Amino acid sequence: MTKNEAVEILRLIEGAYPHFMKGTEEQVQSKAKVWMYHLEKMDYERTLENVHEYIALNEYPPSISEIRPIVYKFDSIKKKIDAVFEND
């Protein structure tokens, strides 16, 4: 995802959970840096869907792992399975 898309995700979370980015200036910058690092490695559309679903179901803000699209873990397995069936 792009930097702007990552910022949009953070703003969405902050809008739903106003205390998400609270703390000293140093704490907020540190938290934003960590989140940006991880968000920029994720797929925007899948992450956005996960954030909306998380917000609908949870009272407290998410951790990175709670909104990270899990499909990445299965992509390599799916490719291997697809390759097996392509030969048939």
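Residues numbered from 1 in each chain as written. Predicted model: local features only at pLDDT ≥ 70, side-chain atom pairs only at ≥ 80, totals over all residues. Heavy atoms only, no water.

## So, the nonpolar core
Core analysis: the largest hydrophobic core is formed by 18 residues, its most contacted members being Ile9, Ile13, Trp35, Leu39 and Ile67. If we skip the residues at most four places from it in the chain, Ile67 touches Ile9, Ile13, Trp35, Leu39, Thr47, Asn50, Val51, Tyr54 and Pro62. (Core = buried A, V, L, I, M, F, W, Y, C linked by side-chain atoms within 4.5 Å. Buried < 20%, exposed > 50% of the residue type's maximum accessible area, 1.4 Å probe, protein only. Contact = heavy atoms within 4.5 Å.)

## Quick look at the side chain of Thr47
Mapped onto the elements of the fold, Thr47 is located in helix α3 (residues 44-57). The exposure class of Thr47 is buried, given its relative accessible area of 0%. Those residues in contact with Thr47, other than ones at most four positions away along the chain, are Met1, Ile9, Leu39, Met42, Ile67 and Pro69. (Helix = DSSP H or I, 4+ residues; strand = E, 2+ residues; numbered from the N terminus.)

## Considerations on helix α1 (residues 3-16)
Note on helix geometry: an α-helix contains 3.6 residues per turn, so any two residues three or four positions apart are oriented the same way. The terminal C-alpha atoms of α1 lie 20 Å apart, and with 14 residues this matches the ideal 20 Å at 1.5 Å per residue to within 8%. Turning to α1, its buried residues are Ala6, Ile9, Leu10 and Ile13. Projected down its long axis, α1 shows its buried positions confined to an angular sector of 95°, all on one face. Every exposed residue of α1 that faces more than 90 degrees away from the buried side is listed here: Asn4, Arg11 and Gly15. (Expected span 1.5 Å × (residues − 1). Arc of directions from axis to C-beta.)

## Some points on the packing of α1 against helix α2 (residues 25-39)
At a closest axis distance of 9 Å, the pairing of α1 and α2 adopts a crossing angle of 125°. Taken together, the axis directions place α1 and α2 in an arrangement best described as oblique. In the crossing of α1 with α2, the sense of the turn from one axis to the other is right-handed. Of the residues in α2, those in contact with Lys3, Ala6, Val7, Ile9, Leu10 and Ile13 of α1 are Trp35, Met36 and Leu39. Looking at the contact of α1 with α2 residue by residue, the classes come out as eight nonpolar, no polar and one charged. (Axes fitted to C-alpha atoms, helices over the stretch in contact; angles between N-to-C directions. Parallel < 35°, antiparallel > 145°, perpendicular 65-115°, else oblique. Left-handed = near helix turned anticlockwise from the far one by under 90°. Nonpolar A, V, L, I, M, F, W, Y, C, P; charged D, E, K, R; others polar.)

## Describing the packing of aromatic side chains
With the rule as written, the count across this model stands at two aromatic pairs. Aromatic side chains Phe20 and Trp35 sit 5.2 Å apart centroid to centroid with 85° between the ring planes, which places their arrangement in the edge-to-face category. Residue Phe20 is located in the loop between α1 and α2, and its partner Trp35 is located in helix α2; the two are separated by 15 residues in the primary sequence. Judged by relative accessible area, Trp35 falls into the buried class, the value being 5%. (Phe/Tyr/Trp six-rings, centres within 6.5 Å; stacked < 30°, edge-to-face > 60°.)

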